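Okay, here's what each chain looks like letter by letter:
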Amino acid sequence: MKKFDLNSIVRDNIKKMVPYASARSEFKGKADIYLDANENSMGSATEVLYNRYPDPYQLKLKESIAKLKNAEVEQIFLGNGSDEPIDILYRVFCRPGIDNVILNPPTYGMYEVSANINDVEVRNIPLTENYQLDCNKILSAIDQNTKLIFICCPNNPTATPVKAKDIFTILNAFNGIVILDEAYIDFASYSSLMPELKNYPNLVILQTFSKAWGLAGLRMGMCFASKEIIYFMNKVKPPYNISGLTQATVLNAIENKFKIDAYIKEIIEERKVLENEFKSIRYINTILPSEANFILVKVDDAKKLYQFLVAKGIIVRDRSKNILCEGGIRITVGTKKENEALINALKEFQK
Ligand SMILES: *Cc1c(COP(=O)(O)O)cnc(C)c1O
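Conventions adopted
- Residues numbered from 1 in each chain as written.
- Predicted model: local features only at pLDDT ≥ 70, side-chain atom pairs only at ≥ 80, totals over all residues.
- Heavy atoms only, no water.
- Pairing = 2+ DSSP bridges.
- Helix = DSSP H or I, 4+ residues; strand = E, 2+ residues; numbered from the N terminus.
- Patch = residues over 30% accessible without salt bridge, like charges linked within 9 Å, V, L, I, M, F, W, Y side chains within 5 Å.
- Areas by Shrake-Rupley, 256 points an atom, 1.4 Å probe, with all protein chains shown as cover.
- Salt bridge = Lys/Arg side-chain N within 4 Å of Asp/Glu carboxyl O.
- Near = heavy atom within 4 Å.
- Polar contact = N/O pair within 3.5 Å; in protein donor to acceptor, adjacent residues only side chain to side chain.
- Nonpolar A, V, L, I, M, F, W, Y, C, P; charged D, E, K, R; others polar.
- Buried < 20%, exposed > 50% of the residue type's maximum accessible area, 1.4 Å probe, protein only.
- Contact = heavy atoms within 4.5 Å.
- Axes fitted to C-alpha atoms, helices over the stretch in contact; angles between N-to-C directions.
- Parallel < 35°, antiparallel > 145°, perpendicular 65-115°, else oblique.
- Left-handed = near helix turned anticlockwise from the far one by under 90°.
- Disulfide = S-S within 2.5 Å.

K.L.:
Tell me about the pairing of strand β8 (residues 284–287), and please be specific about residues and values.
P.N.:
Successive residues of a regular strand alternate their side chains across the two faces of the sheet. As judged from the three bridges shared by β8 and strand β9 (residues 294–299), these two strands associate in the antiparallel manner. In the strand pairing of β9, T286 is matched with K298. Hairpin geometry of β8 and β9 is characterised by an intervening segment of six residues between the two adjacent antiparallel strands.

Here it is as structure tokens:
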């Protein structure tokens, strides 16, 4: 392929712009008296003080994440959920009304929503019947205005993986950015492509604290890429995009990682229990093999089952309108007790 040239695909206005200089990015050292940021020097209305602006680049937290993920601090971007890096990637690379991106439905809805917000054309190349990337079609959909290709692996809402070999094919052939969303990688039987960042300057990997780490309520998404890509993302981000409370809490969570390892193990065990139980339910026609913390099943009448479960106080996700998901109900793995209640309800629906 043509040599990947980052500068040629970053929007001109982003290359030229001068980023906002916050008080905390202009003075980085330690001082006794801070009178530079119009904070309330007296204190805050809470017991724990939050009167000071947080570190705009979250260095302490990034050092901890760098160790955890075997990455360099400069290769990390942290966002208010994964939604923020997704939106920022659009704004760094895609010219509204001109550029396009390639998605592989059925997949995570935010890629398309973010494209619409940014007035970027979406080229949908559905997965194959086996939920794999349709490499030939993807490659022929690329033109000189294609800037991003999103790949979700394990994929939401199918919980299935795509082949790494196909991801490499696209990385090698595409002179744009490949965004690999690994939100569910902690539940997968295979490893992250993080070690490939050094081989592919056009690879961007998304991970999150919302799933395995159990911190969805905090909003903390991770983005890993070359330091050149991260440099442009930092130019575009809001100055203080991660609150001090979030930074401190996530730092603490990483110190307690053993808890997460236990949760992951338990979730995978419960996933197996659910898969086995589903096999004995007549109206479940397909159980997609899951690499995530949820399972997509296909049933005779998804809408009716969904409503039956709602009436039982159990909420699942009706994905039957998505392409390749006809009759599809997406079920998150719950606690042992919750899963038993679900199975009982599913059996009752059968009668
Ligand atoms: C849940 C999920 C995320 C995480 O989103 P956050 O904004 O970090 O909570 C990212 N990608 C996919 C595919 C998801 O399903």
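K.L.:
Any details on a nonpolar patch on the surface? Residues and values, ideally.
P.N.:
Together, V48, Y50 and L245 line one region of the surface with nonpolar side chains, adding up to about 290 Å² of accessible area. Counting through the fold element by element, V48 comes out in the loop between α3 (23–26) and α4 (59–69).

K.L.:
Residues and numbers for the site of the ligand, please.
P.N.:
Every one of the 14 residues lining the ligand counts as a neighbour, but D181, Y184, S210, K211 and R219 are closest to it. T208 is positioned with one of its side-chain polar atoms (N or O) 2.7 Å from an oxygen atom of the ligand. Summarising the interface, the protein chains cover 94% of the accessible area of the ligand, which totals 390 Å² for the free molecule. Here the shell around the ligand is composed, by residue class, of five nonpolar, five polar and four charged.

K.L.:
Run through unusual backbone geometry, naming residues and quoting values.
P.N.:
Of note, the bond from C153 into P154 is cis; its omega dihedral lies within 30 degrees of zero at -5 degrees. Locating P154 in the fold gives a position in the loop between β4 (146–152) and α8 (164–173). The omega torsion across N156 and P157 is 20 degrees, close enough to zero to call that bond cis. With a phi angle near 55 degrees, N70 is a residue other than glycine that sits in the positive phi range. The residue N70 is located in the loop between α4 and β1 (76–79) in this model.

K.L.:
Account for α4, with residues named and values stated.
P.N.:
L61, K62, S64, I65, A66 and K69 are the residues of α4 that are buried. Where α4 is buried, its residues touch β1, β6 (203–208), β7 (221–224) and α10 (244–255). The positive-phi residue at the C-terminal boundary of α4 is N70, with phi of around 55 degrees.

K.L.:
Which residues make up the packing of α4 against α10, and what are the values?
P.N.:
The interhelical angle for the contact between α4 and α10, taken along N-to-C directions, is 30 degrees, at an axis separation of 9 Å. Classified by the angle their axes make, α4 and α10 are roughly parallel. Relative to α10, the crossing made by α4 is left-handed. Here K60, L61, S64, I65 and L68 of α4 lie close against α10, whose contacting residues are Q247, V250, L251 and I254. When the residues that make up the contact of α4 with α10 are grouped by side-chain class, the tally is six nonpolar, two polar and one charged.

K.L.:
Please give an account of the state of the cysteines that cites residues and values.
P.N.:
In this structure the tally under the stated criterion is zero disulfides. With no disulfide of its own, C94 has C223 as its nearest cysteine by sulfur position, at a separation of 14 Å. Take C94: its relative accessible area is 1%, and that puts it in the buried class. No disulfide involves C135; its sulfur sits 12 Å from that of C153, the nearest cysteine. Residue classification places C135 among the buried positions, given a relative accessible area of 11%.

Functional significance is not addressed by these values, which are geometric in nature.
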